[in-house]
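Summary of the model geometry
Spelled out from the first residue to the last, the chains are:
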Amino acid sequence: MIKITLPDGSVREYDKGTTGLDIAKSISEGLARNVLSISVNGDLWDLSRPIHSDASIVLHKWENEEGKHAFWHSSAHLLAQALQELYPQVKFGIGPAIESGFYYDVDFGDKTISETELPAIEKKMKDLASQKFDYIREDISKEEALTYFGKKNENYKTELISELEDGTITLYKQGNFTDLCRGPHLPDTSSIKAVKLLSVAGAYWRGDERRKQLTRIYGITFPKQNLLDEYLVFLEEAKKRDHRKIGKELELFTFSAKVGMGLPLWLPKGAMLRERLENFLKKVQKQYGYQQVVTPHIGQKELYVTSGHYAKYGKDSFQPITTPAEGEEFLLKPMNCPHHCEIYKDKPHSYKELPLRYAEFGTVYRYEQSGELHGLTRVRGFTQDDAHIFCTPDQLKDEFKKVIDIILYIFKTLDFKNFTTQVSLRDPNNTEKYIGSDENWKKAEDAIIEAVSEKGLDFVVETGEAAFYGPKLDFMVKDALGRKWQLGTIQVDYNLPERFELEYVGADNQKHRPVMIHRAPFGSMERFVAVLIEHTAGKFPLWLTPDQAVVMTISEKYDDYAKKVLNLLNNYDIRSFVDDRSEKIGRKIRDNELKRIPYLLIVGEKEEETGTISVRRQGEGDKGSMTVEEFVTFLNEEVKRELENINI
RNA sequence: GCCAAUGUAGCUCAGUUGGCCAGAGCAGCUGAUUUGUAAUCAGCUGGUCGGGGGUUCGAAUCCCUCCAUUGGCUCCA
C-alpha cells in the first residue's frame, strides 16, 4: 500500500500502482467524470499513469489551468491525428497548448491549406474523438526514438529529439498517431466534445525567420458544446470593442493609404481626447518636477551614430533624408533621447540641479514591417509621452520609484486594473547585442530590481528583452482579445550619458557622469488610446470624453432655449453641443446614446417654462430635471470623483 | 518581410455554373412632419465592383500583378 496525501492534508491509502483516475473514482463519481490531469509531488502526470510510492497529489479539472492545459494539449494531438488521416504526406513540428486553445505547426509539403478546409478537419477530429482512443504513454530510448521518427521522415521531430538529453524519451500514442511528447494527456479522446479550428497562419520553424515556414493551425476545444458557444459569443463581443471599429464609429482617427500605411490621422474628436490625456499627464508631471522641452522631428545622422541607434537600427529604419547641395544626411527621429542629451549639454550642470527631468510629447518614426502594422497599436509614426531624467547614481533608485508612482497613478485613474509588470534584462549569453560595460549593466539591472521590489510590484523577469542600451520595466495591458501590449515603460541607462559625455560637477568639485532614466507612462499616445478604447468600449470617463453633453430639442420651437442652455454650459466649460435636427426625441436619444455622449439633456416646453433641463445619463436613463447650474455641479462632482481616487 | 485570407456607395452587407443600364439598409441631400425618453414619412443623390494588365463575343465574377486591410509568424530603440 502507498500513502496519498490530498490537497486538504488528508491521507488515504491505495494499492501500489493506483492511478489518478482510480483516486478520483474513490473520492466521487462526479470528480472522476471531470478530472483531467494530476500533479504528483508537483509534477504533472497523466491520470492513467500508475503511482508506485507515497505522494502528495492534486487533481486538476477544467476549472484549473493545469486541467485545461492537458485538455488542449491532447486536443493538439487529436488535430494532428486528423491531419495525418486527411493529408498523409504531412510532417509535424510542434503542437502545444496555449492560453486559449492550442495550435499545431505542420509542413504540408507543396500543398497549401486554406481556412475553407478547416471545417472538414474539425469534423474528422470530432469523429476521431468519439471513437474514444486512449492516450497511451510509452518510454523509449533516444536512439529508438530517432530511428522511429527517422523511418517516418519526421525530420522536425528527429531534430527536436537529437537536442534532448540522452536517456528516456516519452511518446504518446492515440489510435495510429504517435507523437514525441512530455505530456500529460487525458485518459482518452472522448471528453473532447466541441471543436473549433480558428485560423491558419504561417509560422517559422523554431521561430527562426531563416528557416522554413510551417503552417500553423489554431484551434480551441471544450468538454461541452455550450462552453464553445459561449467562447464564440465572447469573440463576437470582443470584435465590437475593437478600437479600429470604435475609432471609426466615434470619428476618433483614420488611416489613408495615400498618406501611408501605419501613419494615423487624428480626427477632431480623437485629437480632443488625446489633448486631454496630454494635459492630464503634463499636470501630474509638473507636480513631480518635470520641465517641458520641444525638439525637432529630424536630426543629423551623426546624432544617431553617437547614440548607437544608427549602428543598431540604421538598416531597418527610414533611410536618411539628404539635402540638395551639401549632401548632408538627416534621419527622422526614432527616439527623443539623443535630442534631450544635447539639451542637457547646453550648459554645465551642478549636482545641485539634479535630477533634471525633461519631458516632451515627441513624435517619432520607426520603420515597422508592413505585416506588423495593427490599428493604432503598431504604427510607423507615433507620439511618445517621453521624458528623460538625468540624475546622480545616488538618486537613481528614488527617481525610478517616483516614475513607478506616476504610472500606477495613471493606471488607477483610468481604471486599468489588470496590468502586468515585466522586468527586462540583458541576455547574458548574447552580450554583443547590447552596448555598454558589464559593470554598468549590472548597476542598472540591480537598481531596477531593487526599486520594483521595494515598491512591492508583482513582476516577471524576462532575460534578453532589454533595450540595447539598458534594462527596463514595462507595464503590459491586454486588449479586448487578450493580446498583450506594452504601455508604460521605464528604462535605466548608463550608456547614453557616456556616449554623449554628459557631466555634472559634484560636491567634490570633480566631474561626474549622470545616470539617465527613459520613461513613458502611456508608452505612446496611439497605443494608449487604442487600449483605452478597448477597455471602455468607447465609453470614456467624463473628464476625458470629447463631448460631455448634448442638448436635444423636443421641437424647433425650443431652439432658442437650447442655445441659451448651451451658452451657459460653455461658460461653465462643459463640452457640449446642440442636436436640433427635425427628429423625434426618441431618435435623438438613440443616436446620441450610440455616440456614447455621457449626458443627454432634453429641452421642451416644460423645461423652458421652469428654466430647467431634463437629464438623461448614457446607458442609465432618465435622471429627472434640474437647472443648468445644478447639472453643472452634478457633472463636476462626477469628474471630481473620477480624478480624486489618487493621492500623489 | 513571410504564410493565409479579404477588398462592391461614407458605413454594414447582397450579388460566383461569366450575360439585361450593379442592389439593399443605414448615413447624406430635399421636402413634408413640430415631435416628450433608443430608429417619423416621401423623394433624390451617391459606386471606373481596391489599381493595372490579361482570358473571353461578354468580367464584380476566371487568371496575373501591384496596393491596402485582416489573422498569425519574425521584429519592436
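Positions within a chain are numbered from 1, following the residues in the order the chain's sequence is written. To label them, take the chains in the order written and letter them from A, then take the ligands in the order written and number them from 1. With pLDDT at 70 or above as the cut-off, local features in this predicted model cover only qualifying residues; side-chain atom pairs require 80 or more to be listed or tallied, and sums for whole chains, interfaces and linings still use all residues. With hydrogens and water set aside, each side-chain value is computed from the structure's full complement of heavy atoms.

Before going further, it helps to examine the overall build of chain A. A count of helical and extended segments in chain A gives 20 helices and 33 strands. Counting over 648 residues, chain A shows a buried share of 50%. Considering only contacts in chain A between residues 6 or more positions apart, those separated by 24 or more positions represent 69%. In this description, accessible areas are obtained by the Shrake-Rupley approach with a 1.4 Å probe, and a residue is regarded as covered only by the protein chains that are shown. As displayed, chain A has an accessible area near 31,600 Å², and 48% of this comes from carbon and sulfur atoms. Charge centroids of chain A, computed over 90 positive and 103 negative side chains, lie 2 Å from each other. Only DSSP runs of H or I with at least four residues qualify as helices, and only runs of E with at least two residues qualify as strands; both kinds are numbered from the N terminus onward. Here's how the labels work: a residue is buried when its accessible area is under 20% of the maximum for its type, exposed when over 50%, partly exposed in between, all with a 1.4 Å probe on protein chains only. Contacts between residues were defined by any pair of non-hydrogen atoms, one from each residue, lying within 4.5 Å. Counting rule for charge: Lys and Arg are taken as positive, Asp and Glu as negative, and neither His nor the chain ends is counted. Where a charge lies is defined by one atom per residue type: Lys uses NZ, Arg uses CZ, Asp uses CG and Glu uses CD.

It is worth spelling out the pattern of salt bridges at this point. A carboxyl oxygen of Asp or Glu within 4 Å of a side-chain nitrogen of Lys or Arg is what we treat as a salt bridge. Tallying each qualifying case throughout the model produces 45 salt bridges. Two residues, Glu117 and Lys111, come together in a salt bridge whose shortest N-O distance is 3.1 Å. As a salt-bridge pair, Arg357 and Glu399 come within 2.8 Å of each other at their nearest N and O atoms. Of the two residues, Arg357 sits in strand E20 (residues 356-365) while Glu399 sits in helix H13 (residues 396-413), which places them 42 residues apart along the sequence. As far as burial versus exposure is concerned, Arg357 and Glu399 are alike and both buried.

A word on the protein's contact with RNA strand B. Near, as used in this document, describes a residue that has one of its heavy atoms within 4 Å of the molecule or strand being considered. Neighbouring RNA strand B are 56 residues, the closest being Gln213, Met335, Ser370, Glu372 and Arg587. Here, RNA strand B places atoms within 4 Å of the protein, and 48% of those atoms are sugar or phosphate. Throughout this description, a polar contact denotes any pair of N or O atoms lying within 3.5 Å of each other; where both atoms belong to protein, one of them has to be capable of donating a hydrogen while the other can accept it, and for residues adjacent in sequence the pair is counted only when both atoms sit in side chains. Between Glu209 and RNA strand B, the recorded distance is 3.0 Å, taken from a side-chain N or O atom to a sugar or linking oxygen. Three classes are used, and their members are as follows: Ala, Val, Leu, Ile, Met, Phe, Trp, Tyr, Cys and Pro are nonpolar, Asp, Glu, Lys and Arg are charged, and the others, Gly among them, are polar. Here the surface near RNA strand B is composed, by residue class, of 18 nonpolar, 18 polar and 20 charged.

A separate point is the packing of helix H9 (residues 268-287) against helix H16 (residues 525-536). In this analysis, axes come from line fits to C-alpha atoms, helices being fitted only over the stretch in contact, and the angle between any two N-to-C directions falls in the range 0 to 180 degrees. Look at H9 against H16: their axes get within 11 Å of each other, and the N-to-C directions meet at 105°. Viewed along their axes, H9 and H16 adopt a mutual orientation that is roughly perpendicular. On the side of H9, the interface is formed by Leu273, Arg274, Leu277 and Glu278, while H16 contributes Met525, Glu526, Phe528 and Val529. When grouped by side-chain class, the residues that make up the contact of H9 with H16 number 5 nonpolar, no polar and 3 charged. Here is the rule for angles: anything less than 35 degrees is roughly parallel, anything more than 145 is roughly antiparallel, 65 through 115 is roughly perpendicular, and the remaining ranges are oblique.

So, about helix H6 (residues 155-162). Extensive coverage of H6 is indicated by the burial of 6 of its 8 residues. Tyr156, Lys157, Thr158, Glu159, Leu160 and Ile161 are the residues of H6 that are buried. Packed against the buried residues of H6 are strand E6 (91-92), strand E8 (101-107), helix H5 (142-151), strand E10 (168-174), strand E11 (177-180) and strand E13 (213-222).

Before going further, it helps to examine the pairing of strand E32 (residues 613-617). Of all 5 residues making up E32, 4 are buried, and the element is well covered by its neighbours. Bridging between strand E31 (residues 599-603) and E32 involves 4 bridges; their strand directions are antiparallel. Looking at the pairing, Ile602 lines up with Ser614 of E32. Direction of pairing for E32 relative to strand E33 (residues 621-626): antiparallel, over a ladder of 4 bridges. Within E33, the position partnered with Ser614 by the bridge is Ser625. For two strands to be treated as a pair, DSSP must find no fewer than two bridges joining them. Turn length for the E32-E33 hairpin, with the two strands adjacent in sequence and antiparallel, is 3 residues, and the turn residue Gly619 shows positive phi of about 80°.

Below, the discussion takes up the packing of aromatic side chains. By convention, a stacked pair of Phe, Tyr or Trp rings (six-membered ring in the case of Trp) has centres within 6.5 Å and planes under 30 degrees apart, an edge-to-face pair has planes over 60 apart, and any other such pair is tilted. Inspection of the entire model under this criterion finds 29 aromatic pairs. Both rings, one in Tyr599 and one in Phe631, keep their centres 5.3 Å apart while their planes meet at 80°; by these two values the pair is edge-to-face. Of the two residues, Tyr599 is situated in strand E31 and Phe631 in helix H20 (residues 628-644); the sequence distance between them amounts to 32 residues. Residue Tyr599 is classed as buried on the basis of its relative accessible area of 2%. Residue Phe631 is classed as buried on the basis of its relative accessible area of 0%.

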